[in-house]
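Chain by chain, the residues:
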Amino acid sequence: MMWLILVLVVVVPLLLLFAFNRYMSPNMDTFSKMNIDSPPASGFLGHFGQTFKRGLFLNQLEMYNRYKDKKVYGIYNLGKPILMVRDLDIVKDIMVKHFNSFVDRRVVFEFDPPFKENMLMLKGEHWKHVRSMVSPAFSSGRIKRMSRHVERISQRLVNVLRGKQERNEDIELKNTISHFTLDVIASTAVGLETNTLEDPDNIFANHALNCTVRLSSVYVLLAFMAPRLCNVLRKVGVTLISKKSLQFFADTVDAAMENRKEEGQAGKVNDFVDLLINAEREPGQTDKALTRSEIHGQALVFILGGYDTVATVLSFTLFLLANHPDCCQKLQKELDEKLGNESPNYDNVQSLTYMDMCINESMRMFPPGFLIDRVCTEDTVIQGIPIPKDMVVTTPAYAIHHDPDIWPEPNKFQPERFSPENKESRHPYAFMPFGNGPRNCIGMRLAMVELRVALAYVLKSLTPVTCEKTVYPVTLKKFQLTAEKGLWVKFNARK
Ligand code: HEM
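Since the model is a prediction, treat every value here as computed from it, not as a measurement. (Residues numbered from 1 in each chain as written. Predicted model: local features only at pLDDT ≥ 70, side-chain atom pairs only at ≥ 80, totals over all residues.)

### Re the overall build of the protein
Stage number 1. Counting secondary structure elements, the protein contains 19 helices and nine strands.
Stage number 2. Excluding contacts between residues fewer than 6 apart, the proportion of contacts in the protein whose partners are at least 24 apart in sequence is 72%. (Helix = DSSP H or I, 4+ residues; strand = E, 2+ residues; numbered from the N terminus. Contact = placed C-beta atoms within 7 Å.)

Rendered as structure tokens:
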């Protein structure tokens, strides 16, 4: 009997731990074999434990700074070797010159339909086909049409902020701005008039927030560090994004397409919904078109990828301006001189050069895409470094954006870093808020128009200032690009 208890209590758990360890960490000598430096990693956890302790951002900085004199270094996440690239010429070679060997992104966990075939996760030829079908949605003409929604909703944002200013209320920027970007993406992606700014409890907003809450939870960290474990969880019904919410968005896209057809308006509005209708595969057609499932995947990634990112950048920019009144005044002077009494629009915001410098400096300090990865699909040698097929290669964008050798005093907000002369003197890959190369952010131009128009609307009539609740400098949450104590400000009316 004693033997049985001993076996059950000690031997079986030890064997299970050993098996788990072997399963999770079969490659822990990869980098020593490649002669690439890697920080000491304990047991099967690899560097997961350190990330968990210090948080994603501090940990990324610490590792990056530790290998100052190296072009690359390696880390292990629960046994998965990941090549981290410090050298900007190598980053460029991966993203552009050798793009054909690095087309894919790392898929950390499998999704079920209707999110399965989204552009972020598609691979190789499938990705190329979908990207080429969807790219026309972001042509200048279409973005200009979308910008009319942005202008209309920016005016609504100003009204909401002015109401709060008149009531002398403090404002947590990320919250209010997310309502604005949700309204923009609902109208530009699926032609829906949601008004989350005045009715934050509408069903579209609830489902979008439901998705992003999980997307920015510790589950994501788990997914990156232990994808196999997440796939097991998915099979027992624990998913990264709520299935109910995903189905809601797929139904919304279907309804938008069907309504357009029923109203006889298909092809006449020339917006994103029309693009989807035109791109859909007819029965019997095989090429040059998208299946309904591919359409759902793209619409979903636009909705989910397009609102939290823009909200993050817009709210950090306003917050940084509140904490740097000299920069805010300079920007408002530019607005007064260049726009005068004109309302901001797609065309006139393009001349606001100092505004772009402020937006860029905000994205340098707080880049929503803080890690950018690719997977090597065939053995490739880059600048003498052999990279084997299947290796994940990651660019630590947050750490590069905070490298003091490139950006002196990296924690200070200094828009002048983006003056034409200063830009000229830097490596072009030192700043990559939208990634780079053929697989960069497809929504980059739409995002910039949205940021410029909204900022111009707000700063023409209001000035953000600090309030009692303001906490600056910002401390980020451990696993999210979000201020731990919120982004609190007040607004003053401009004369
Ligand atoms: C300020 C706002 C935004 C930021 C900072 C941002 C950042 C990024 C980054 C860093 C990537 C990865 C690029 C790479 O791997 O090289 C990406 C990809 C992507 N973004 Fe954005 N994004 C923003 C807004 C948007 C918007 C508004 C949309 C859509 C409406 C969008 C849709 C996408 C899609 C579909 C991809 C995947 C592209 C592909 O794999 O071909 N993003 N974004």
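Picking up where we left off.
### A few points about the sheet that holds strand S2 (residues 80–85)
Pairing between the strands of a sheet is mediated by backbone hydrogen bonds and can be parallel or antiparallel.
Stage number 1. Pairing within the open sheet is mixed, and its four strands lie in the order S1-S2-S7-S4. Across the chains shown, the open sheet's two edge strands, defined by having one partner strand only, are strand S1 (72–77) and strand S4 (372–375). Across the sheet, the axes of successive neighbouring strands diverge by a mean angle of 30°, strand direction being ignored.
Stage number 2. Bridge analysis of S1 against S2 gives six bridges, and the strand direction is antiparallel. Among the inter-strand pairings, Ile 75 is bridged to a residue of S2, identified as Ile 82.
Stage number 3. Strands in contact with helix H5 (residues 88–97) are S1, S2, S4 and strand S7 (392–395); relative to S2, the strand with the most contacts, it is inclined by about 115°. (Pairing = 2+ DSSP bridges. Axes fitted to C-alpha atoms, helices over the stretch in contact; angles between N-to-C directions.)

### Quick look at the nonpolar core
Stage number 1. Membership of the largest hydrophobic core comes to 103 residues, with the highest contact counts inside it found for Leu 157, Ala 299, Ile 303, Leu 314, Ala 454, Val 458 and Val 489.
Stage number 2. The leading source of residues in this core is helix H14 (residues 292–323), at 18 residues.
Stage number 3. Excluding anything up to four places from it in sequence, Ile 303 contacts Ile 185, Ala 189, Ala 208 and Phe 249.
Stage number 4. The next biggest cluster of nonpolar side chains, apart from the first, holds 20 residues, and it includes Ala 41, Ile 75, Ile 382 and Met 391. (Core = buried A, V, L, I, M, F, W, Y, C linked by C-beta atoms within 7 Å. Buried ≥ 20, exposed ≤ 12 C-beta atoms within 10 Å, placed from the backbone.)

### So, the site of the ligand
Stage number 1. The local shell around the ligand holds 24 residues, among which Gly 306, Gly 369, Gly 435, Cys 441 and Gly 443 are the closest.
Stage number 2. Take the shell around the ligand: its biggest share by element is seven residues, from H14.
Stage number 3. Residue composition of the shell around the ligand, by class: 14 nonpolar, eight polar and two charged. (Near = placed C-beta within 6 Å. Nonpolar A, V, L, I, M, F, W, Y, C, P; charged D, E, K, R; others polar.)

### What about the pairing of strand S9 (residues 488–493)?
Stage number 1. Relative to S9, strand S3 (residues 171–172) runs antiparallel, the two sharing two bridges. Looking at S9, one finds that Ile 171 is bridged to Val 489.
Stage number 2. Where strand S8 (residues 462–465) lies against S9, four bridges are found, and the strand directions are antiparallel. Looking across to S9, one finds that Pro 464 is bridged to Phe 491.

### Description of the environment of Met 95
Stage number 1. Structurally, the position occupied by Met 95 is in helix H5.
Stage number 2. In sequence terms Met 95 and Thr 395 are 300 residues apart; their C-alpha atoms lie 10.0 Å from each other.
Stage number 3. If we skip the residues at most four places from it in the chain, Met 95 touches Asn 436 and Gly 437.

### Brief notes about helix H13 (residues 272–279)
The periodicity of an α-helix, 3.6 residues per turn, causes residues three or four places apart in sequence to face the same way.
Stage number 1. Within H13 the residues assigned to the buried category are Phe 272, Val 273, Leu 275 and Leu 276. The arc that holds the buried residues of H13, viewed along the axis, is 160°, so those residues lie on one side. (Arc of directions from axis to C-beta.)

### Some thoughts on the packing of helix H15 (residues 325–339) against helix H19 (residues 444–461)
Stage number 1. Relative to each other, H15 and H19 sit at 100°, their axes nearing to 10 Å. The orientation of H15 with respect to H19, classified from their angle, is roughly perpendicular. Contacts between H15 and H19 involve Leu 331, Gln 332, Leu 335 and Leu 339 from the first element and Ala 456, Leu 459 and Lys 460 from the second.
Stage number 2. Grouping the amino acids of the contact of H15 with H19 by side-chain chemistry returns five nonpolar, one polar and one charged. (Parallel < 35°, antiparallel > 145°, perpendicular 65-115°, else oblique.)

### A word on unusual backbone geometry
Stage number 1. The omega torsion across Tyr 472 and Pro 473 is 0°, close enough to zero to call that bond cis.
Stage number 2. Within the secondary structure, Pro 473 sits in the loop between S8 and S9.
Stage number 3. Unlike most non-glycine residues, Gln 383 shows phi in positive territory, near 45°.
Stage number 4. Within the secondary structure, Gln 383 sits in the loop between strand S5 (380–382) and strand S6 (385–387).
Stage number 5. According to the C-beta neighbour criterion, Gln 383 is exposed, with 10 such atoms within 10 Å.
Stage number 6. Positive phi values are uncommon outside glycine, yet Asp 390 reaches one of about 80°.
Stage number 7. Judged by the 11 C-beta atoms lying within 10 Å of it, Asp 390 is exposed.

### Things to note about the environment of Asn 360
Stage number 1. In this fold, Asn 360 is placed in helix H16 (residues 353–365).
Stage number 2. A count of 19 C-beta atoms within 10 Å places Asn 360 in the partly exposed class.
Stage number 3. A sequence separation of 88 residues divides Asn 360 from Met 448, and the C-alpha atoms of the two residues are 10.0 Å apart.
Stage number 4. Contact partners of Asn 360, with chain neighbours within four places excluded, come to Phe 418 and Phe 431.

### Concerning the UniProt feature "binding site: heme" (unreviewed entry) in the protein
Stage number 1. Under the local residue numbering, the UniProt record ascribes the feature "binding site: heme" (unreviewed entry) to Cys 441.
Stage number 2. By the element assignment, Cys 441 lies in the loop between helix H18 (420–424) and H19. (UniProt positions renumbered as here; feature names shortened; annotations may be inferred.)

### Regarding the sheet that holds S3
Stage number 1. Within the open sheet, the three strands sit side by side as S3-S9-S8. Their pairing is antiparallel. Because the sheet does not close on itself, it has two edges, and the strands there are S3 and S8.

### Quick look at helix H6 (residues 124–134)
Stage number 1. Taken residue by residue, H6 has Val 130, Met 133 and Val 134 as its buried positions. Projected down its long axis, H6 carries its buried residues within an arc of 90°, all on one side. More than 90 degrees from the buried face of H6, the exposed residues found are Gly 124, Glu 125 and Ser 132.
Stage number 2. Contact partners of the buried residues in H6: H13 and H14.

### Description of the packing of helix H12 (residues 243–262) against H13
Stage number 1. In contact at an axis separation of 10 Å, H12 and H13 are set at 85° when each is read in the N-to-C sense. Relative to H13, the element H12 lies roughly perpendicular. Facing Ala 256, Met 257, Arg 260 and Lys 261 of H12, the residues of H13 in contact are Val 273, Leu 276 and Ile 277.
Stage number 2. Partitioned by chemical class, the residues of the contact of H12 with H13 number five nonpolar, no polar and two charged.

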